[in-house]
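Structural overview
For reference, the chains in residue letters:
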Amino acid sequence: EAKKNGKNNFQFFTQALNSSAAKRLNTEEELNQAIELDEFVLHYQPIIYMPTGRIKVLEALLRWQHPVKGIQTPVQFMSVAEESGQIVPIGDLAIAKACEQLAIWHNAGFSEIVVSINLSPKQLLRGAPVETIKSMLEKYQIRANSLQIEVKENLLTQDQAASIEVLNSLKAIGVGIALDDFGSGFASLSFLKKFPIDTIKIDRSFIRDLEQDERNALILQATTRLARDISLSVVIEGIETDNHIQLIRTCECDYLQGYYFAKPKAAKDLNLNQRWSAQFNKAQQLQISSNS
Ligand code: C2E
Ligand code: MG
Ligand code: MG
Ligand code: MG
C-alpha cells in the first residue's frame, strides 16, 4: 500500500513538474512574440521630493499588454524573462521607451524630471546597458543626470567585480545609481561602500512592519540618518496611508514613494504639476518639530 502511494505521489510530482515546465516554456514563447509585436509599455510612479511636495523622479515600471490576458505586471513574467535571458532585449526596449518619454517631458518644460529605470543582474552582466543607455541619451538628446538606474541587492550574489565595473561606467557618464529594496535581503552597509551608489530606496517591508513594532521606526530613523551622513539620498517606498506618513515623521527622508501619493500610471494619465501640499505640510511640520 505504501509502495503504491509512493508511486502515485511520484506520478503526481512529475505531472506537476511537467505542467509548470510547460507553463514556463509557453510564457517564454509568448514573450518572444511580445518582443516582436512590441507589447510592452511602461507605467510611471511618482517619487515625491518632500521639500517642494512635487514630483522629482518617475520610476519606470514594465507592463506587458497581453493580447488575451490583458495587462501583466512583472511578477507574472519577470522570473521567466530573467531566467531565459529575454530580460536583456525587453530591458533594452524599456530603456528606449523611458528615454523617449523623458525627452517628451523635457520638451514640455519639465526639464528637472528624472526617470528611474530598473535593471536586473542579467541585464547588467549579460547585456550591454552602458552602450544602450549612451546611445539612447544621444538619440533623444537627454542629459545623463536626468536618468537613474535601480539595482537590487541580489547583485551581491552575482559577479560583483563585473557589476561594479558596469555601475562605475554608468556613474562616470553621469547616470544616477539607486540601490532598490534596501534592507530586504542580506545586503549590508559594506554594499554601500563597494558600489557607486547615490541613492538608497528603503524597502517597503519596513513601512509595512512599522505598525507592528515600534522599534522599526527607530531602525528606519537610524538608517535614513546614516545614509544622509554618507551623502546618499534616501527614498522610502511603500507609503500607503496617512498613518505611514505619521510614523515616518522622525525620519530625515527627502523622497517618498507609494500608493498614498500615486500608483504607477501610463504617461498620459500623469499630471506632473501635481503637488502634495497637504501631506507635505503635515509631514514637514512634524519633521521640523522633531528636529528642534
Ligand atoms: P521595484 O523596482 O521595487 O518596484 C516597486 C514595486 O512596488 C512596483 O511593482 C510598484 O507598483 C509597487 N509599489 C509601489 N508603491 C507601492 C505601495 O505603496 N504599496 C504596494 N503594495 N506596492 C507598491 P511592479 O510594478 O509590479 O514591479 C515589480 C518589480 O518588477 C519591480 O520592483 C522591479 O524589480 C521589477 N521591474 C519593473 N519594471 C522593470 C523593468 O523595466 N526592468 C527590470 N529589470 N525590472 C523591472
Ligand atoms: Mg525599483
Ligand atoms: Mg523598490
Ligand atoms: Mg520592491
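Heads up: the structure comes first, above all this text.
Description of the structure in this document. (Residues numbered from 1 in each chain as written. Chains lettered and ligands numbered in written order. Predicted model: local features only at pLDDT ≥ 70, side-chain atom pairs only at ≥ 80, totals over all residues. Heavy atoms only, no water.)

What follows deals with the environment of Leu-218. Considering the arrangement of structural elements, one finds Leu-218 in helix α9 (residues 215-229). Residue classification places Leu-218 among the exposed positions, given a relative accessible area of 54%. When the C-alpha positions of Leu-218 and Ser-116 are compared, they lie 28 Å apart, and in sequence the two are 102 residues distant. (Helix = DSSP H or I, 4+ residues; strand = E, 2+ residues; numbered from the N terminus. Buried < 20%, exposed > 50% of the residue type's maximum accessible area, 1.4 Å probe, protein only.)

Another point: the pairing of strand β8 (residues 233-236). Note: strand β7 (residues 199-202) against β8, four bridges, orientation parallel. Within β8, the position partnered with Ile-202 by the bridge is Ile-236. Where β8 and strand β9 (residues 255-256) come together, two bridges link them in parallel fashion. Among the inter-strand pairings, Val-235 is bridged to a residue of β9, identified as Tyr-255. Read from β8 through helix α10 (residues 242-247) to β9, the crossover connection turns out right-handed. (Pairing = 2+ DSSP bridges. Right-handed = clockwise from strand over helix to strand, strands pointing away.)

The next thing to look at is the coordination of the magnesium ion (ligand 3). Protein coordination at the magnesium ion (ligand 3) comes from Asp-180 (OD), Asp-181 (OD) and Glu-237 (OE), with a distance range of 2.1 to 2.4 Å. The motif formed by the donor residues of the magnesium ion (ligand 3), counted along the single chain, is D-D-x55-E. Taken as a pair, the magnesium ion (ligand 3) and the magnesium ion (ligand 2) show a spacing of 3.7 Å, with Asp-180 coordinating each metal. Taken together, the positions of Asp-180 in strand β6 (residues 176-182) and Glu-237 in the loop between β8 and α10 put the pair 57 residues apart, joining distant regions of the chain. Among the residues examined, Asp-180 registers a relative accessible area of 2% and is labelled buried. (Donors = N, O, S within 2.8 Å, 3.2 Å for Na, K, Ca; no water.)

Another point: the coordination of the magnesium ion (ligand 2). For the magnesium ion (ligand 2), the protein coordination sphere consists of Glu-59 (OE), Asn-118 (OD1), Glu-150 (OE) and Asp-180 (OD), at 2.0 to 2.2 Å. Taken in sequence order, the residues that donate to the magnesium ion (ligand 2) follow the motif E-x58-N-x31-E-x29-D. What makes Asn-118 partly exposed here is its relative accessible area of 28%.

If you trace the backbone, Gln-86 turns up in the loop between α2 (78-84) and α3 (87-107). The exposure class assigned to Gln-86 is buried, which follows from its relative accessible area of 6%. A polar side-chain atom of Gln-86 sits 2.7 Å from a polar atom in the side chain of Ser-84. (Polar contact = N/O pair within 3.5 Å; in protein donor to acceptor, adjacent residues only side chain to side chain.)

What is shown is where atoms sit, not what they do.
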